[in-house]
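Structure assessment
Chain by chain, the residues run as shown.
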Amino acid sequence: MLQNVIIGQYYPASSPLHRMDSRSKLIAAFFYLFIVFLANNWVTYGVLIAFTAVTISLSKVPFRFLYKGLKPILLLVVFTMLLHIFLTKEGDLLYKAGFLEIYEGGVIQGIFIALRLLLLVMMTSLLTLTTTPIDITDGLEHLLGPLKKWKLPVHEFALMMSISLRFIPTLLQETEKIMKAQMARGADFTSGPIKERAKAFVPLLVPLFVSSFKRAEELALAMEARGYRGGEGRTRLRALEWHQRDTFALILLALLTLSLFLLRN
Amino acid sequence: MENIITVKDVTFYYPGEETPTLKGVTLDVHKGEWLSIVGHNGSGKSTLAKMLNGLLLPSEGAVFVSQYTTGLPDDIWEVRRLVGMVFQNPDNQFVGTSVQDDIAFGLENFGVPREEMVKRINESVARVGMEAFLNQEPHQLSGGQKQRVAIAGILAQKPSVIVLDEATSMLDPIGRIEVIDTVRELNKKEGITVISITHDLEEALSADRVVVMKMGEKAAEGIPEDIFQQRDLLKSAGLDLPFSLKLSEALRQQGVELDKSYLTQEELVNALWKLA
């Protein structure tokens, strides 16, 4: 079961989006977070939806994978939409029942807010769906590099991330092993009331915790033996390559921003 | 013979401990040899291993590697580059997310430029026979394969010495053979000095010289043939004799006419089938 474990939610495929440099994708996703707020009428939302739809279809990621990312926030989307529908009192009165009044402005506002949230989440999921976690880490390290001047431990943070990513499968394997060992001695992880089940996990977590400490100590020793002495003067094997398509993507995003500015009220 | 490592009168106390873990150990490691350091748990052999590349520094005495001294801050990185170390647990020394990332780790630390890095990775991965696995992730590899990747990571740094600190003790028999064969080839063909720290006397049979550690002191030093004849010494050091040696002694006690006790299975078989 662990032979092909996929960390994070990366969807392996070969698409223009997958081939983009992680830095340009990070910049684009971050920028997108802001320009979504520029849309304030049907036309601008239409432009945004079209842009997002094209990007999604370019990524070759099946929609059900995107939907998985959306599921946890659907409730929030519906809730904020309803809140706007009932509380915004603008435009013509559409419906009135007792103290409930629904105005046209409220309905429009509610739809806009819901769209905004959905677009945001879809674009950011697209980033993690088309970029491996290690590439995201590398990209972040490069982009945040200048912050080292202000003593921000950017290299250490990136190394921490990549070591965590490397050890996820190892720890999963170990968990499975310990679980089997406990089950062989009569532990029951799957039935009984929640309280009992939670208790059953204690003998699983303790050995896992202890061994993680031991691993950390040994790994530190092995890293020192191989000459690790912090980020200073280090070179890197993983090279990020900025292609024309990355520049092109950012220009496209700039044009989108411009059109949003021109078309908004 | 030229020395690559000289351990001079080294005594070592772990912080806060009264009794020394190493007591006045002096040791020469010759260039190009295979030296086995054997001893029971707590004999100080692993501590001695960590002295060799400056992971631990002597409380008294000194360790010299080539023209460098482990105790000098200016020398320490060159010492660590020259003396590569393979540890016991294959998983806990795998830093990278894939084979090539892991081999690159040491090179990145030493600031090797990228083109040179790629060249050295490809070359060293071929020397341990793992070229087909460059992009594999650690959990897809066996223990023996992970140890070979660790060796490749060391080779890429152009070392003079490889220290195997119980590097085969967590492996299955096949993995063990894989690793030992890889190291033996490097030792014979490329003249890389090998120091293997082990409690497994079978493994020590591959060595040119054997050092026996006991209670933090060097109890004996010599070629395997001599060392393995000293049964009482090995017993008092808490070591188990190799199977072929035990068998030949048992046979001699039963009156089988063997002219000596044989160290390896092959020698013993050769002697046995010639018997009338």
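About the cut-offs
Residue indices begin from 1 for each chain and proceed along its sequence in written order. For naming, the first written chain is A and the first written ligand is 1, with later ones following in the order written. For this predicted model, a pLDDT threshold of at least 70 governs which residues receive local features, and a threshold of 80 or more governs which side-chain atom pairs are given and counted, while totals over whole chains, interfaces and linings are taken from all residues. UniProt positions are given in the numbering used here, feature names are shortened, and annotations may be inferred rather than shown by experiment. Strands are runs of DSSP state E lasting at least two residues, helices are runs of H or I lasting at least four, and both sets are numbered from the N terminus onward. C-alpha atoms define the radius of gyration in this analysis, and the globule rule sets the expected value at 2.2 Å times the number of residues to the power 0.38. Exposed residues have 12 or fewer other C-beta atoms within 10 Å of their own C-beta, buried residues have 20 or more, and residues in between are partly exposed; the C-beta atoms are placed from the backbone. Contact between two residues is assigned whenever their backbone-derived C-beta positions fall within 7 Å. We call two strands paired when DSSP finds no fewer than two bridges between them. The convention used is that axes are lines fitted to C-alpha atoms, helices contributing only their stretch in contact, and that angles between N-to-C directions extend from 0 to 180 degrees. Segmentation of the chain into domains, including their bounds, is taken from an automatic or database domain assignment. For this classification, Asp, Glu, Lys and Arg are treated as charged, while Ala, Val, Leu, Ile, Met, Phe, Trp, Tyr, Cys and Pro are nonpolar and the rest, including Gly, are polar. Geometric relationships in this document are graded by angle, where less than 35 degrees denotes roughly parallel, more than 145 denotes roughly antiparallel, 65 to 115 denotes roughly perpendicular, and other angles denote oblique. An expected span of 1.5 Å times one less than the residue number is assigned to each helix. The angle between axes fitted to the seven residues ending at a residue and the seven residues starting there is what we call the bend at that residue. The predictor's confidence in any single residue is recorded as pLDDT, a number from 0 to 100.

Under an unreviewed UniProt entry, the name given to chain B is Energy-coupling factor ABC transporter ATP-binding protein, and the source organism is Fictibacillus norfolkensis. Under the UniProt heading Subcellular location (unreviewed entry), the note attached to chain B is "Cell membrane". The UniProt entry for chain B carries the following comment under Sequence similarities (unreviewed entry): "Belongs to the ABC transporter superfamily."

For chain A, the name recorded in an unreviewed UniProt entry is Energy-coupling factor transporter transmembrane protein EcfT, with Fictibacillus norfolkensis as its organism. Listed in UniProt under the heading Subcellular location (unreviewed entry), the comment for chain A reads: "Cell membrane". UniProt's Subunit (unreviewed entry) comment on chain A is quoted here verbatim: "Forms a stable energy-coupling factor (ECF) transporter complex composed of 2 membrane-embedded substrate-binding proteins (S component), 2 ATP-binding proteins (A component) and 2 transmembrane proteins (T component)."

Helices and strands together make up the secondary structure of chain A, namely 10 helices and two strands. When its helices and strands are written in sequence order, chain A yields α-α-α-α-β-β-α-α-α-α-α-α. For 265 residues, the compact-globule estimate of 2.2 N^0.38 gives 18 Å, and the C-alpha radius of gyration of chain A, at 24 Å, exceeds that figure by more than 25%. The buried share of chain A, taken over its 265 residues, is 19%. In chain A, once contacts between residues fewer than 6 apart in sequence are set aside, the share between residues at least 24 apart is 74%.

What follows deals with the overall build of chain B. Of the regular secondary structure elements, chain B holds 11 helices and 10 strands. Considering only C-alpha atoms, chain B reaches an extent of 65 × 45 × 35 Å along its principal axes. Long-range contacts, defined as pairs at least 24 residues apart, comprise 64% of the intrachain contacts of chain B with a sequence gap of at least 6.

All names here are of chain B. Strand order in the open sheet formed by six strands is β6-β7-β8-β3-β9-β10, with mixed pairing between adjacent strands. The sheet is open, and its two borders are formed by β6 (83-86) and β10 (217-222), each paired with just one other strand. Ignoring strand direction, the axes of neighbouring strands in this sheet form an average angle of 20 degrees. Of the strand pairs in this sheet, strand β9 (residues 209-214) and β10 are connected by five bridges, and their pairing is antiparallel. Looking across to β10, one finds that Lys214 is bridged to Glu217. Of the strands in this sheet, β6 and β7 (161-165) are in contact with helix α5 (residues 143-155), which crosses β6 at around 170 degrees.

A few words on the UniProt feature "domain: ABC transporter" (unreviewed entry) in chain B. According to UniProt, the feature "domain: ABC transporter" (unreviewed entry) maps to residues 5-240 of chain B in the numbering used here. As annotated, residues 5-240 of chain B has a helix share of 37% and a strand share of 24%, and its two end C-alpha atoms lie 28 Å apart.

Split by domain assignment, chain A resolves into domain 1 (16-131 + 241-263) and domain 2 (153-225). Using only C-alpha atoms to locate each centre, domain 1 of chain A and domain 2 of chain A end up separated by 38 Å.

Moving on to the interface of chain B and chain A. Opposite the 32 residues of chain B that make contact, chain A presents 28 residues. Breaking the side of chain B that touches chain A down by element, the ones donating at least two residues are α2 (76-82), α3 (99-109) and α4 (114-127) of chain B. Class assignment of the residues belonging to the side of chain B that touches chain A gives a composition of 12 nonpolar, 13 polar and seven charged.

Right, let's get into the packing of helix α2 (residues 22-35) of chain A against helix α6 (residues 133-144) of chain A. All names here are of chain A. Axis separation between α2 and α6 bottoms out at 8 Å; the angle between their running directions is 75 degrees. Taken together, the axes of α2 and α6 lie roughly perpendicular to each other. Mapping the contact onto sequence places Ser22, Arg23 and Leu26 in α2 and Asp135, Ile136, Asp138, Gly139, Leu140, His142 and Leu143 in α6. In the contact of α2 with α6, the residues fall into four nonpolar, three polar and three charged.

All names here are of chain A. Cross-referencing UniProt, the feature "transmembrane region" (unreviewed entry) maps to residues 29-58, 70-87, 107-129 and 246-263 in the present numbering. Structurally, residues 70-87 comprises 100% helix and 0% strand, and the distance from its first C-alpha atom to its last is 25 Å. Annotated as 100% helix and 0% strand, the span residues 246-263 places its first and last C-alpha atoms 26 Å apart.

Residue and element names in this part refer to chain A. Look at helix α7 (residues 154-184): 44 Å from first C-alpha to last across 31 residues, which is about the 45 Å you get at 1.5 Å a residue. Along its length, α7 shows its largest kink, about 35 degrees, at Phe167, and proline Pro169 lies within four residues downstream of that point. Elements in contact with the buried residues of α7: α6.

This brings us to the domain arrangement of chain B. All names here are of chain B. When the domains of chain B are assigned, the result is domain 1 (3-93 + 159-240) and domain 2 (242-276). Once you take the C-alpha centre of each, domain 1 and domain 2 turn out to be 30 Å apart. Contacts between domain 1 and domain 2 engage six residues on the former and four residues on the latter. If one sorts the elements of the side of domain 1 that touches domain 2 by residue count, helix α8 (residues 224-229) sits on top with three residues. Along the lines of polarity and charge, the residues of the side of domain 1 that touches domain 2 split into four nonpolar, no polar and two charged.

So, about the confidence of the model for chain A. When pLDDT is averaged along chain A, the result is 87, and 97% of the positions lie at 70 or above. Contacts from residues 1-6 of chain A, a stretch scored under 50 in pLDDT, to residues over four places away or in other chains number seven contacts.

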